[in-house]
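# Architecture and fold: a report
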Amino acid sequence: MAIAKMKKLTLIGLSREKEALIKELMRLGVVQISEQDARLSDERWSEVVKKDDAETASAKWETELERVDNALKLIDRFGDSKKPLISERKAIQTQEFEDALGKEYEIRRDVLKLTRLSRKLAHALLAENRANIARMSLLPWKEYDIPAEQFATKATRVWQGVVPAGNDSADFLRILAEKTQYTDAEVVYTDSEQHYISILFLAEELDTVQAALRDLGFNRIALPMAEGAVGEALAEVEQELADIDAQKEELIGKIRELKDCEPTLKLYHDELVMRRDCAAIRDKFLVTDSTFYVDGWFPRIAEDKLKALLSRHTCHFETADPQQDEQPPVLLLNGKLAEPFEAVTKLYSFPDYWGIDATAFFALPYALFFGMMLSDAAYGLLLMGITYFVKKKFTLEGMMKQLIDMFFFCGVFTLFWGLMFGSFFGDLITVVSSTFFGRTVNFPTLWFNPVEEPMTLLIFSYALGLLHILLAMGLGGYMSIRDGQPLDALFDVGFWYMLIIGLLLFMGAGMVPALPAGAPLFGKWMAIAGTLGIICTAGRHNKGITRITGGFTSLYDITGYLSDVLSYSRLLALGLATGVISSVFNTLGALGGPTLTGVILMIIAFSIGHPYNFAINALGSFVHSCRLQYVEFFGKFYQSGGVGFAPFCENTKYFKIIKEEQ
Amino acid sequence: MDVLTTAAESLLTGNFMALLGAAVAALAGIGSAIGVGIAGEAAAGVTAEDPSKFGQALLLQALPGTQGIYGLLIAFLIMNKVGLIGGSGMLELTLLQGALIFTSALPIGITGTLSAVAQGKTAAAGIMMIGKRPEEIAKGMVYAAMVETYAVLALLASFLMLNGITL
């Protein structure tokens, strides 16, 4: 339950075994190979070695991969298979994987077919677009019967064009007739935007007509046809569109015929990913003519397996613990119960390798707080049910799996607090029983009802918050002691413990009869001792006069602790929000009384209100539990800034390849 | 003048003040509507670039919506307290009782409205952030939750005040 100890691997091997070794390292998947750019700028290295060439080989696989990706997208688009809600990797045995890829030639032929179909489809779409534009520009001229051959004769011209619909077309015709001698204009069509006008005039009068038209705001357009009348051209375009449609149908049909090869294509995709990665990783290799050098990090727990692998090859390797000035990647290792909560840590930031992984410490508070904020037995069951179903239905990995598991645990605590506070869909049982059955049945309340005794829950929330904060401070102290600074732990944490706990005893011990009578006095002196300790030591890193004043000003931090504790009142407030909004919906549902309409109203209020309330409050509980960890808890001690461990492994998308145990 | 005095006298009753309180509390919904709207505009922008971010953006957009719920919560509790719903008719309140109830609605009515607008802006910024770095959604949520703290405190203040009033 902590950050996995890392070791550094340094490896020199023979070039002829390089490819085989890379493949085996990928399959084992425990080494994160480091960049070597720093080494190359060192002359002693750059004289002997150069960077391995990764470009050529990986580019080849990259192109092929892109093609397969496109082919898969095409099938996805036109195949009728439903997309799953959550994408998952199917497990597959190594042998099965390799067998399926045995006919690589056939798979590549399918990819080629699909690539061609995709290209043809793109062409068809382009042509369709073009035809559609032509059709749109011809449509207004549908009734226009002058063939294109007659647009320009020896003595006459026929122009087509538009004027804005805002202009009066009768005015247009009149003014044109006045300004020119022998023109014959005709409004062919008018829509909401334009008048479509055709003008016949004498060629010799061209200049006059042109000037007149310019003044009238006439915009000449060219009809997209070379011969015949518009009607014929339109028919042609319609025909073309119909042809393209048929062609598209045919292409899509052909794509659908190939949809059965989707699984093999996915296998091939993953194979290509691995081949590309094997090629690309060589970017991090340094080579001479016949040897190569590589180094990287691996978790210490995998040392035996790694050594066994390397000892099968002709190579020299060394493993070493990291030095204090090195920053190994961070891998979190936690027990079964705490592991799902790693998601919360990762959403914040990986801890520093030399810091501390707090996951195990906040797992319980997280679930506890989440439960208090959602605090409804039914919602807890619902959350458990949903997460359980998702886990059964899908093979989840990584972050997704952790989040789902985490919400399952949160559901357990939501159920717990729901029982404590006697809430099952709010007061649904009470409302339904008294409205429809005329007799009040209450859901059992194991502890108390927060709506009736909010102060009790408020104080309880503050108490939980105080414990949470004290735990965080304790972790800070632990880190100081671990790093060989026990005095820092005493000064920065111990004295504050004395002050806070002392104050609590001084002010609160009187209310708890179980404590001995001297507790308040003891608390008073403990708080005073703590205060003096803080005044004397808190300014120790400062220089000059602030060495003394620093002690006093740091006492001001007490307000920080106070506001941190007050922040936990959200546990009460959000808990109330869930409960009261539930009862709002229940009350609304009960308005119809014990009639058939009443029952229907109840069902409607229930099926709209509760899912909504559940969703919005589960989101709120998630966000606010995170906030309490990130701000109040992590703020006291957490050192972030580590980089997640990303080993060189089979980074496949569709299949998870299972190794046969030997 | 007489008309005004009579109107004021007949309106200034405890029951009127209590209902006014419920109304003020529910006004926090204005803030939420504006906040969710601001966040929604940003969400639409990000989703236009990458439709797969719809779900994430929606989560952030929902955050400024809670103030409206808190307002409704207090409004509901007030209505419940004065017997407007669920009971056997509205109680006769003194002017002081009504004024106290009205006062208890002010924290959530005012803080809720303003904080929801501020939270909407923060959520919009968070949505912009997931446009570039979708993996950092938790941080965007926590920024928005920082604002919500004060709405939660106001809710708490309203609730405790209301709870303390004896009728």
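The text that follows walks through the structure, step by step, so that each part is easy to find. Values in this document were obtained by computation on a predicted structure and should not be read as measured data.

This part takes up the overall build of chain A. Helix and strand counts for chain A come out as 23 helices and 14 strands. The C-alpha atoms of chain A give 38 Å as radius of gyration, which overshoots the globular expectation for 662 residues (26 Å, by more than 25%). With respect to the principal axes defined by its C-alpha atoms, chain A has extents near 120 × 85 × 65 Å. Scored against the burial criterion, the 662 residues of chain A give a buried share of 33%. Across chain A, the fraction of contacts at a sequence separation of at least 24, relative to all contacts at a separation of at least 6, is 80%.

Residue and element names in this part refer to chain A. The sheet built from four strands is open, its strands ordered 7-8-6-9 with antiparallel pairing. What marks the edges here is a single partner per strand, and that holds for strand 7 (183-190) and strand 9 (219-220). Sheet topology places strand 6 (residues 156-164) next to strand 8 (residues 194-202); nine bridges connect them, and they run antiparallel. By the bridge assignment for strand 8, P164 is matched with Q194.

Another aspect to go through is unusual backbone geometry. All names here are of chain A. Of note in this structure, S375 is not a glycine but carries a positive phi near 35°. Looking at the element boundaries, S375 is found in the loop between helix 13 (359-374) and helix 14 (377-393). For S375, a count of 32 C-beta atoms within 10 Å puts it in the buried group.

Right, let's talk about the environment of L333(A) for a bit. Inspection of the secondary structure puts L333(A) in strand 13 (residues 332-333). Spatially, the C-alpha atoms of L333(A) and A2(A) are 5.4 Å apart, while their sequence positions differ by 331 residues.

The end-to-end C-alpha separation of helix 15 (residues 398-421) of chain A is 35 Å, in line with the 34 Å expected for 24 residues at 1.5 Å each. Remark: G422(A) follows helix 15 of chain A within two positions and exhibits a positive phi of approximately 65°.

The next thing to look at is helix 22 (residues 570-590) of chain A. For helix 22 of chain A, with 21 residues, the first-to-last C-alpha span of 30 Å sits near the 30 Å given by 1.5 Å per residue. By the criterion of burial, helix 22 of chain A is predominantly enclosed, with 19 of the 21 residues buried.

To continue, consider the packing of helix 6 (residues 104-138) of chain A against helix 9 (residues 230-257) of chain A. Residue and element names in this part refer to chain A. It is at 9 Å that the axes of helix 6 and helix 9 come closest, and there the two elements cross at 160°. Taken together, the axis directions place helix 6 and helix 9 in an arrangement best described as roughly antiparallel. Handedness of the crossing formed by helix 6 with helix 9: left-handed. Across the interface between the two elements, L114, L117, K120, L121, A124, A127, E128, A131, A134, R135 and L138 of helix 6 pack against V230, A233, L234, V237, E240, L241, I244, Q247, K248, L251, K254 and I255 of helix 9. The residue inventory of the contact of helix 6 with helix 9, partitioned by class, reads 16 nonpolar, one polar and six charged.

Here we take up the interface of chain B and chain A. With 25 residues of chain B at the contact, the number on the chain A side is 23 residues. Those elements that provide at least two residues to the side of chain B that touches chain A are helix 4 (54-62), helix 5 (66-81) and helix 7 (137-164) of chain B. Broken down by element, the residue count for the side of chain B that touches chain A peaks at 12 residues, all from helix 7 of chain B. When the residues that make up the side of chain B that touches chain A are grouped by side-chain class, the tally is 20 nonpolar, five polar and no charged.

How each quantity is defined
- Residues numbered from 1 in each chain as written.
- Chains lettered and ligands numbered in written order.
- Predicted model: local features only at pLDDT ≥ 70, side-chain atom pairs only at ≥ 80, totals over all residues.
- Helix = DSSP H or I, 4+ residues; strand = E, 2+ residues; numbered from the N terminus.
- Rg over C-alpha atoms; globule rule 2.2 N^0.38 Å.
- Buried ≥ 20, exposed ≤ 12 C-beta atoms within 10 Å, placed from the backbone.
- Contact = placed C-beta atoms within 7 Å.
- Pairing = 2+ DSSP bridges.
- Expected span 1.5 Å × (residues − 1).
- Axes fitted to C-alpha atoms, helices over the stretch in contact; angles between N-to-C directions.
- Parallel < 35°, antiparallel > 145°, perpendicular 65-115°, else oblique.
- Left-handed = near helix turned anticlockwise from the far one by under 90°.
- Nonpolar A, V, L, I, M, F, W, Y, C, P; charged D, E, K, R; others polar.

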